[in-house]
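Next come the chains, spelled out residue by residue.
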2 protein chains.
Amino acid sequence: MNDAFFHGRKVIITGGLGFIGSTLARRLVGMGANVTLIDSLIPQYGGNIFNIEDIRDRVRINISDVRDPFSLRHHMSGQEVLFNLAGQTSHLDSMNEPDADLEINCKAQLSILETCRQVNPAIRIVFAGTRQIYGKPDYLPVDEAHPIRPVDVNGINKTAGEWYHLLYHVNYGMPCCVLRLTNTYGPRMRARDARQTFLGVWFQSLLEGRPIQIFGTGAQRRDFNYVDDVVNAFLCVAASDTAAGKVYNLGSNEVVSLKELAALLLEVNGTGNCELVPFPDELKKIDVGDYFGDFRKITTEQGWQPVLSLREGVKRTIEFYRQHGKHYWD
Amino acid sequence: MNDAFFHGRKVIITGGLGFIGSTLARRLVGMGANVTLIDSLIPQYGGNIFNIEDIRDRVRINISDVRDPFSLRHHMSGQEVLFNLAGQTSHLDSMNEPDADLEINCKAQLSILETCRQVNPAIRIVFAGTRQIYGKPDYLPVDEAHPIRPVDVNGINKTAGEWYHLLYHVNYGMPCCVLRLTNTYGPRMRARDARQTFLGVWFQSLLEGRPIQIFGTGAQRRDFNYVDDVVNAFLCVAASDTAAGKVYNLGSNEVVSLKELAALLLEVNGTGNCELVPFPDELKKIDVGDYFGDFRKITTEQGWQPVLSLREGVKRTIEFYRQHGKHYWD
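Thresholds, definitions, all that
Residues numbered from 1 in each chain as written. Chains lettered and ligands numbered in written order. Predicted model: local features only at pLDDT ≥ 70, side-chain atom pairs only at ≥ 80, totals over all residues. Helix = DSSP H or I, 4+ residues; strand = E, 2+ residues; numbered from the N terminus. Rg over C-alpha atoms; globule rule 2.2 N^0.38 Å. Buried ≥ 20, exposed ≤ 12 C-beta atoms within 10 Å, placed from the backbone. Axes fitted to C-alpha atoms, helices over the stretch in contact; angles between N-to-C directions. Parallel < 35°, antiparallel > 145°, perpendicular 65-115°, else oblique. Left-handed = near helix turned anticlockwise from the far one by under 90°. Contact = placed C-beta atoms within 7 Å. Nonpolar A, V, L, I, M, F, W, Y, C, P; charged D, E, K, R; others polar. Pairing = 2+ DSSP bridges. Least-squares fit on C-alpha atoms with pLDDT ≥ 70 in both. Expected span 1.5 Å × (residues − 1). Core = buried A, V, L, I, M, F, W, Y, C linked by C-beta atoms within 7 Å.

Engineer: How do you make sense of the overall build of chain A when you look at a structure like this?
Structural biologist: Along the backbone of chain A there are 13 helices and 12 strands. A globule of 330 residues ought to have a C-alpha radius of gyration of about 20 Å, and chain A, at 19 Å, matches this closely. Taking the principal axes of the C-alpha coordinates as reference, chain A spans close to 55 × 45 × 40 Å. When each of the 330 residues of chain A is scored for burial, the buried share is 51%.

If you want it as structure tokens, here you go:
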């Protein structure tokens, strides 16, 4: 169904060399879209040129920073869909370098929206928000009406970034939609450190024969989406005529504790071990404990739901990093 | 009671040449505090050197921008209390120049907090927040538990600014307190335009013999605090040992419609007239309708309540601008 919508469509992805951005690009290329990728390749972020190696000749790549308002004017003109995925994702980095987080997650977002308003207000925009803005949940599963109460600089700035998008919809009629992502995992996630997701490091440890380190008791329960499911959600709301101005949680019906997840990784891999280590102080302060999301709204209104099982997702991820790991942690 | 706390105390006020900042400075000087005022004197903001003419020799004035991190390090060292009032206040300007609003209301706030964390983490900080972050109220009066749902860029950025302060309390134990101000009025408010409050323009019109212009029907109900009452609230929470990490609404028991308020101004002034004019489109979009706040929390926990009647406040304000108006609108 989405295929017809995206065939020949001009699509631009900020953070296009990143984990989700590159996976989205591959799907769009397959559907015959005209795809432009913007990425800063900042070493601490998720951009990795290897992520698009197999589609390199079928996308337009522009290495630039979304904080650069002049290049943005050029890029946004004439595009039909913007998947706005560029962001600083590390919670810890946001506490240690709050200004850099603000520059990417607030200032650049506002700049992207202002540019689109000026040169291309009809462009459909899907913004990659985060469940992090809910903070420590009052109740589970967390639905979209849950209070917004971020516990770190990243959460505060991602809230502002999301709200700018909604404001530009309400005030200027721009077709912006927000997805609040939970833990996304799969091939091409950053794996050299925990800046994007702790899971990257877990897969690296597993494949390099080191124990998976679980912080704390490992009892925290979380939900996980395989990257292809997340890409489906982006495509689904971008192609929908009823998603403008809406906010949707993603999520999964498979909720597991971190200990259970580690056990699953070991089991699927066939070998390996894991250990509990004390929660680092600086992380403990901003940890939100149990989280899993209620994603019934996007299922009801847009027909999206995750389809891949956690076990199958883990299997595919292990296979990918077994083959390509060196491009992610060497 | 506050007098003893502030006597000899080293106090710094950002936005110190502004409406509330300068009124606060005058009170602090009267109590024997050692007062430093930081102000950028950006023409579109509230700073006005005339605001402190009578206390000029009893305060230290430094004209600089809170976006300048280097001067901040110098200023914040050795201070005991920071009244953090510097801000961009115009909702309309925030929509037309969102980046400038972000620079002042987000970036500079984070920079101030980071600087204090590094050079003076024990400094008591009171942040001037705003009721604007509630957006269009779900219920009235609005208490502190009301959802945060800003309707303009200024509201989004002021939310971030407030949340940074609370985060630096939770994460680093810094004694930060937030006051959410409603409409503050009185001597020394910006009166040449509606950038700080529409009331400034109303007083100017009244005293220059032009009709007071009421946008829309004038039926919107609002609450108003006289500036001395607001200053009392700042002093009260700064001197309190139980205010750190808290958020308090200000407000008033006198809730009036804009039409009633205009009538009161005319009555107290003894002459003048007013007219209803259509709501400008760009303002209508971001207007929140009726608003008045529930301020029982600060009354119960900190003992603050407004004491001056609206009539008496209007009277004093008219007297001030009758005498000094030329310094505010010529």
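Engineer: Explain the packing of helix α3 (residues 69-76) of chain B against helix α5 (residues 98-119) of chain B here, please?
Structural biologist: Packed helices, taken two at a time, are described by their axes: the angle between them and the distance between them. Residue and element names in this part refer to chain B. α5 packs onto α3 with a crossing angle of 45 degrees between their chain directions and a minimal axis gap of 9 Å. Classified by the angle their axes make, α3 and α5 are oblique. Along this stretch, α3 crosses α5, giving a crossing that reads as right-handed. On α5, the residues touching Pro69, Leu72, Arg73 and Met76 of α3 are Ser111, Ile112, Thr115, Cys116 and Val119. Class assignment of the residues belonging to the contact of α3 with α5 gives a composition of six nonpolar, two polar and one charged.

Engineer: So what exactly am I meant to see when it comes to the sheet that holds strand β7 (residues 183-185) of chain A here?
Structural biologist: Within a sheet, neighbouring strands are paired by backbone hydrogen bonds and run either parallel or antiparallel to one another. Residues and elements named next belong to chain A. Taken in spatial order, the three strands line up as β7-β9-β11 in an open sheet, and their pairing is mixed. Edge positions in the sheet fall to β7 and β11 (255-257), since each of these pairs with one other strand and no more. Within the sheet, the average angular offset between the axes of one strand and its neighbour, ignoring direction, is 50 degrees.

Engineer: Help me out: how do you make sense of the relation of the copies chain B and chain A in this one?
Structural biologist: Taken together, a rotation about one axis and a shift along it account for how the two chain copies relate. After a rotation of 180 degrees and a shift along the axis of 0.0 Å, chain B superposes on chain A with an RMSD of 0.0 Å. With respect to symmetry, the two chain copies, as superposed, fit the operation of a two-fold axis. Comparing interface residues between copies, 100% of those in chain B also sit at the interface in chain A, which points to an isologous, same-surface contact.

Engineer: Teacher, can you tell me more about the interface of chain B and chain A here?
Structural biologist: Think of interface size as the accessible area that goes away when the parts come together; that is how it is often given. Counting residues at the interface gives 21 residues for chain B and 21 residues for chain A. When residues of the side of chain B that touches chain A are traced back to their parent elements, those giving at least two are α5 and α6 (153-172) of chain B. Residue composition of the side of chain B that touches chain A, grouped by class: 13 nonpolar, three polar and five charged.

Engineer: Looking at this model, I keep getting lost on helix α2 (residues 19-30) of chain B. Mind explaining?
Structural biologist: Side chains three or four residues apart in an α-helix point the same way, a direct result of the helix having 3.6 residues per turn. All names here are of chain B. The end-to-end C-alpha separation of α2 is 17 Å, in line with the 16 Å expected for 12 residues at 1.5 Å each. Along α2, the residues classified as buried are Phe19, Ile20, Gly21, Ser22, Thr23, Leu24, Ala25 and Leu28. Backbone geometry just after α2 places Gly32 at a positive phi near 85 degrees.

Engineer: Whenever I open this one, unusual backbone geometry confuses me. Can you help?
Structural biologist: Glycine aside, the phi torsion of most residues is negative, and most peptide linkages are trans. Look at the link from Leu140(A) to Pro141(A): it is a cis peptide, with omega at -10 degrees. You can see Pro141(A) is positioned in the loop between β5 (124-130) and α6 (153-172). Unusually for a residue other than glycine, Leu41(B) sits at a positive phi of about 50 degrees. The residue Leu41(B) is located in the loop between β2 (34-39) and β3 (60-63) in this model.

Engineer: Got a minute to help me understand the sheet that holds strand β2 (residues 34-39) of chain A in this structure?
Structural biologist: Residue and element names in this part refer to chain A. Sheet architecture is open: seven strands sit in the order β3-β2-β1-β4-β5-β6-β10, paired in parallel fashion. Sheet topology places β3 (60-63) and β10 (247-249) at the edges, where each strand pairs with a single neighbour. Strand-to-strand twist in this sheet, taken as the mean axis angle between neighbours without regard to direction, amounts to 20 degrees. Pairing between strand β1 (residues 10-14) and β2: five bridges, direction parallel. Bridge pairing in β2 links Lys10 to Asn34. Lying over the sheet, helix α8 (residues 227-239) contacts β4 (81-84), β5, β6 (176-181) and β10, oriented at roughly 160 degrees with respect to β6.

Engineer: Sorry if this is basic, but what is going on with the pairing of strand β9 (residues 221-226) of chain B here?
Structural biologist: For a regular strand, the rule is simple: side chains alternate between the two faces of the sheet. Residues and elements named next belong to chain B. Extensive coverage of β9 is indicated by the burial of five of its six residues. Relative to β9, strand β7 (residues 183-185) runs parallel, the two sharing three bridges. What sits directly across from Thr184, in β9, is Asn225. In terms of strand pairing, β9 meets strand β11 (residues 255-257) through three bridges, oriented antiparallel. Looking across to β11, one finds that Asp223 is bridged to Val255.

Engineer: What should I look at first to understand the environment of Pro278(B) in this one?
Structural biologist: Residue and element names in this part refer to chain B. Its location among the elements puts Pro278 in the loop between β12 (274-277) and α10 (281-284). Residue classification places Pro278 among the exposed residues on the basis of 8 C-beta atoms within 10 Å. Each C-alpha atom of the pair Pro278 and Phe215 lies 5.6 Å from the other, and the pair is 63 residues apart in sequence.

Engineer: What am I meant to see in the packing of helix α2 (residues 19-30) of chain A against α8(A) here?
Structural biologist: All names here are of chain A. Look at α2 against α8: their axes get within 9 Å of each other, and the N-to-C directions meet at 70 degrees. Between α2 and α8, the interaxial angle falls into the category roughly perpendicular. Classified by chirality, the crossing of α8 by α2 is right-handed. Contact residues: Phe19, Ile20, Thr23, Leu24 and Arg27 in α2; Val227, Asp228, Val230, Val231, Phe234 and Leu235 in α8.

Engineer: Quick question: what am I supposed to make of α8(A) here?
Structural biologist: All names here are of chain A. Taking 1.5 Å as the rise per residue, α8 with 13 residues should run 18 Å; its terminal C-alpha atoms sit 18 Å apart, in good agreement. Along α8, 10 of the 13 residues are buried, which leaves the element largely enclosed by surrounding structure. Taken as a whole, α8 has its buried residues at Val227, Val230, Val231, Asn232, Ala233, Phe234, Leu235, Cys236, Val237 and Ala238.

Engineer: How do you make sense of the nonpolar core when you look at a structure like this?
Structural biologist: Generally speaking, soluble globular proteins have nonpolar side chains that are buried together. Counting 176 residues, the largest nonpolar core has Leu179(A), Phe234(A), Val237(A), Ile13(B), Leu179(B), Phe234(B) and Val237(B) as the members making the most contacts within it. Look past the residues within four positions of Leu179(A) in its chain and what remains in contact with it is Val126(A), Ala128(A), Gly129(A), Ala233(A), Phe234(A), Val237(A), Tyr248(A) and Leu250(A).

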